[in-house]
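Structural description and commentary
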Amino acid sequence: MAINGALLYESSSGYFLVHVKSRELISAELTFPENWLPLSNLDLLLRPIDWSTYSIYRKASSKPDLAFGSAVEILKKSLAKVQLHYYPLADEMVANSCVESEIMCSNIGVQFIEAHADIELSGLKLQDPDATVQGKLVPLKGQGFLSVQGFKRT
């Protein structure tokens, strides 16, 4: 349910709001020519699996003046740099002319979402992430292989 542009979710301690502040694609900081990477035989045999990971960090006591917006900008810049070395993660799988899946490397970029949530960590069922984390605090994957979301508790 949406309330004033924020999404309302249920948790073990009641309800919480998630307000998405921005949504953008972060591309590699340097461009490279488009190319295609074939999948291995093992990749072709296994079904695609969507998986999620999330990390929770304590606010840095060594840098108390580091605002959340500054941390988000650092994360975006780092994401643009790391894509130079792991560029297939910023692209998408498509079928070639023989109807086999390949990775089309064209620097599409990684989906980055900045959001704010009004919930304490103790209100989340971290032992059952599908209940309160998946699709709420961890984004559902858009295009490509990777999606990143930065959250601040409000």
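Our subject is the structure listed above.
Let me begin by describing the structure that accompanies this report. Just so we're clear, the structure is a prediction, and the values are computed from it rather than from any experiment. (Residues numbered from 1 in each chain as written. Predicted model: local features only at pLDDT ≥ 70, side-chain atom pairs only at ≥ 80, totals over all residues. Heavy atoms only, no water.)

Comments concerning the overall build of the chain
- The helix and strand tally for the chain stands at 3 helices and 8 strands.
- Helices and strands in the chain line up, N terminus first, as β-β-β-β-α-α-β-β-β-α-β.
- Out of the 154 residues in the chain, the part that is buried amounts to 29%.
- Counted over contacts in the chain with a minimum sequence separation of 6, partners at least 24 positions apart contribute 72%. (Helix = DSSP H or I, 4+ residues; strand = E, 2+ residues; numbered from the N terminus. Buried < 20%, exposed > 50% of the residue type's maximum accessible area, 1.4 Å probe, protein only. Contact = heavy atoms within 4.5 Å.)

Examining the packing of aromatic side chains
- A complete count under the given rule lists 1 aromatic pair for this structure.
- Measuring from centroid to centroid gives 5.2 Å for Phe32 and Tyr87, while their planes differ by 55 degrees, and the two rings are tilted. Within this pair, whereas Phe32 is found in the loop between strand 3 (14-26) and strand 4 (35-38), its partner Tyr87 is found in the loop between helix 2 (68-82) and strand 5 (92-95), the two being separated by 55 residues in sequence. (Phe/Tyr/Trp six-rings, centres within 6.5 Å; stacked < 30°, edge-to-face > 60°.)

Some details on unusual backbone geometry
- Despite not being glycine, Val99 has its phi angle at roughly 60 degrees, a positive value.
- With respect to the helices, strands and loops of the structure, Val99 is situated in the loop between strand 5 and strand 6 (101-105).
- Accessibility expressed as a relative area gives 69% for Val99, which makes it exposed.
- Positive phi values are uncommon outside glycine, yet Asn107 reaches one of about 60 degrees.
- Note on placement: Asn107 falls in the loop between strand 6 and strand 7 (110-117).
- Residue classification places Asn107 among the buried positions, given a relative accessible area of 13%.

Section: the nonpolar core
- Within the largest apolar cluster, 10 residues are counted, these being Tyr9, Phe16, Val18, Ala115, Ala117, Ile119, Leu124, Val133, Leu137 and Val138.
- Those elements giving two or more residues to this core turn out to be strand 3 and strand 7.
- Leaving out residues up to four positions away in the same chain, Tyr9 has contacts with Gly14, Tyr15, Phe16, Val18, Gly135 and Lys136.
- Counting 8 residues, the second-largest nonpolar core is a separate cluster that includes Val72, Leu79, Ala90 and Val148. (Core = buried A, V, L, I, M, F, W, Y, C linked by side-chain atoms within 4.5 Å.)

Looking at the sheet that holds strand 4
- Spatially, 4-6-5 is the arrangement adopted by the 3 strands of the open sheet, whose pairing is antiparallel. With partners counted over all chains shown, the strands left at the sheet margins are strand 4 and strand 5, one partner each. Each neighbouring strand pair of the sheet contributes to a mean axis angle of 40 degrees, computed without reference to strand direction.
- Sheet topology note: the strand 5/strand 6 ladder contains 4 bridges and is antiparallel. Among the inter-strand pairings, Glu92 is bridged to a residue of strand 6, identified as Met104. (Pairing = 2+ DSSP bridges. Axes fitted to C-alpha atoms, helices over the stretch in contact; angles between N-to-C directions.)

Section: the environment of Phe151
- Examined against the element boundaries, Phe151 turns out to sit in strand 8 (residues 147-153).
- Separated by 79 residues in sequence, Phe151 and Val72 have C-alpha atoms that sit 9.0 Å apart.
- Beyond its immediate chain neighbours, meaning those up to four positions away, Phe151 contacts Val18, Phe68, Ala115, His116, Ala117, Lys136 and Leu137.

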